[in-house]
Amino acid sequence: FFFFLMIRRPPRSTQSRSSAASDVYKRQSQERSLYDFMMKFGGTPKEKSTSTTSFEEVAEDMTIIEEDDAQRDEAIHEIVNSMNKLANLFKQLNDVVIEQGTLLDRIDYHVEQSLQNTKAANKELKKTIELQKSGVATKCTYILIGMIIFLLAVLLLKHASR
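Residues numbered from 1 in each chain as written. Predicted model: local features only at pLDDT ≥ 70, side-chain atom pairs only at ≥ 80, totals over all residues. Heavy atoms only, no water.

(A) Quick look at the overall build of the chain. Helix and strand content of the chain: four helices and zero strands. Counting from the amino terminus, the chain carries its helices and strands in the arrangement α-α-α-α. Looking at the chain as a whole, 7% of its 162 residues qualify as buried. Summed over its atoms, the accessible surface of the chain is roughly 14,600 Å², and 62% of this surface lies on carbon and sulfur atoms. (Helix = DSSP H or I, 4+ residues; strand = E, 2+ residues; numbered from the N terminus. Buried < 20%, exposed > 50% of the residue type's maximum accessible area, 1.4 Å probe, protein only. Areas by Shrake-Rupley, 256 points an atom, 1.4 Å probe, with all protein chains shown as cover.)

(B) Spatial organisation of the pattern of salt bridges. Considering all chains together, one arrives at one salt bridge under this definition. Between Asp-69 and Arg-72 there is a salt bridge, with the nearest N and O atoms lying 2.7 Å from each other. Here Arg-72 and Asp-69 lie together in helix H3 (residues 55–134), a separation of three residues that amounts to about one turn. Its relative accessible area of 36% is what places Asp-69 among the partly exposed residues. (Salt bridge = Lys/Arg side-chain N within 4 Å of Asp/Glu carboxyl O.)

(C) Just H3, in detail. Taking 1.5 Å per residue, 80 residues should reach 118 Å; H3 reaches 116 Å between its end C-alpha atoms and fits that length. Where H3 terminates, the next one or two residues include Gly-135, which has phi positive at roughly 80°. (Expected span 1.5 Å × (residues − 1).)

(D) Representation of a nonpolar patch on the surface within the structure. A cluster of nonpolar side chains, Leu-86, Leu-89, Phe-90, Leu-93 and Val-97, forms an exposed patch at the surface whose accessible area comes to about 500 Å². Mapping Leu-93 onto the fold places it in helix H3. Look at Leu-93 and you get partly exposed, because its relative accessible area is 47%. (Patch = residues over 30% accessible without salt bridge, like charges linked within 9 Å, V, L, I, M, F, W, Y side chains within 5 Å.)

(E) Region of interest: the confidence of the model for the chain. Predicted confidence across the chain gives a mean pLDDT of 78, with 67% of residues reaching 70 or more. Put simply, helix H2 (residues 45–50) is where the chain has its lowest mean pLDDT, 46, and helix H4 (residues 136–160) is where it has its highest, 91. This stretch, residues 13–18, has a pLDDT under 50; its non-local contacts, to residues over four places away or in other chains, come to two contacts. Segment residues 45–51: pLDDT under 50, and ten contacts once partners within four positions in sequence are set aside and those in other chains are kept. (pLDDT = per-residue confidence, 0-100. Contact = heavy atoms within 4.5 Å.)

(F) Fine view of a positive patch on the surface. Together, Lys-119, Lys-123, Lys-126 and Lys-127 line one region of the surface with positive charge. By the element assignment, Lys-126 lies in helix H3. (Lys, Arg positive; Asp, Glu negative; His and termini not counted. Charge placed at Lys NZ, Arg CZ, Asp CG, Glu CD.)

Take a look at the structure:
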């Protein structure tokens, strides 16, 4: 049976433990996908040695699988970017809701104040109407006019008698 194991060193610029572990994981997933492919299309590994599938066909199929993985990774990145944009939209929406809430609170406060002022004005109007209806003010006005006339008459008589 043919098992192709490609040992690849990580690039010199990324020779950290995390990239080495990542390369090992990628290599294992590639080996596993090759094994799965061989099992799917070529039977067991022992049968594979007698099969007519060539290395080029397997390599081509692996290339296709890697391209599919790259497309999936790209789609995942697009989804992540879309979700980040959506999160930003929700943050902006939250800011707008907070601003509108503040405006609504101010409007509510002013409506309450105008209601209280209107009630106080209504009370004052009722008092004024009652005073006009009772005639107390009119009676006081007539009494004052009468007193003025009386005092003028007294003044004229006093001045005429001299």
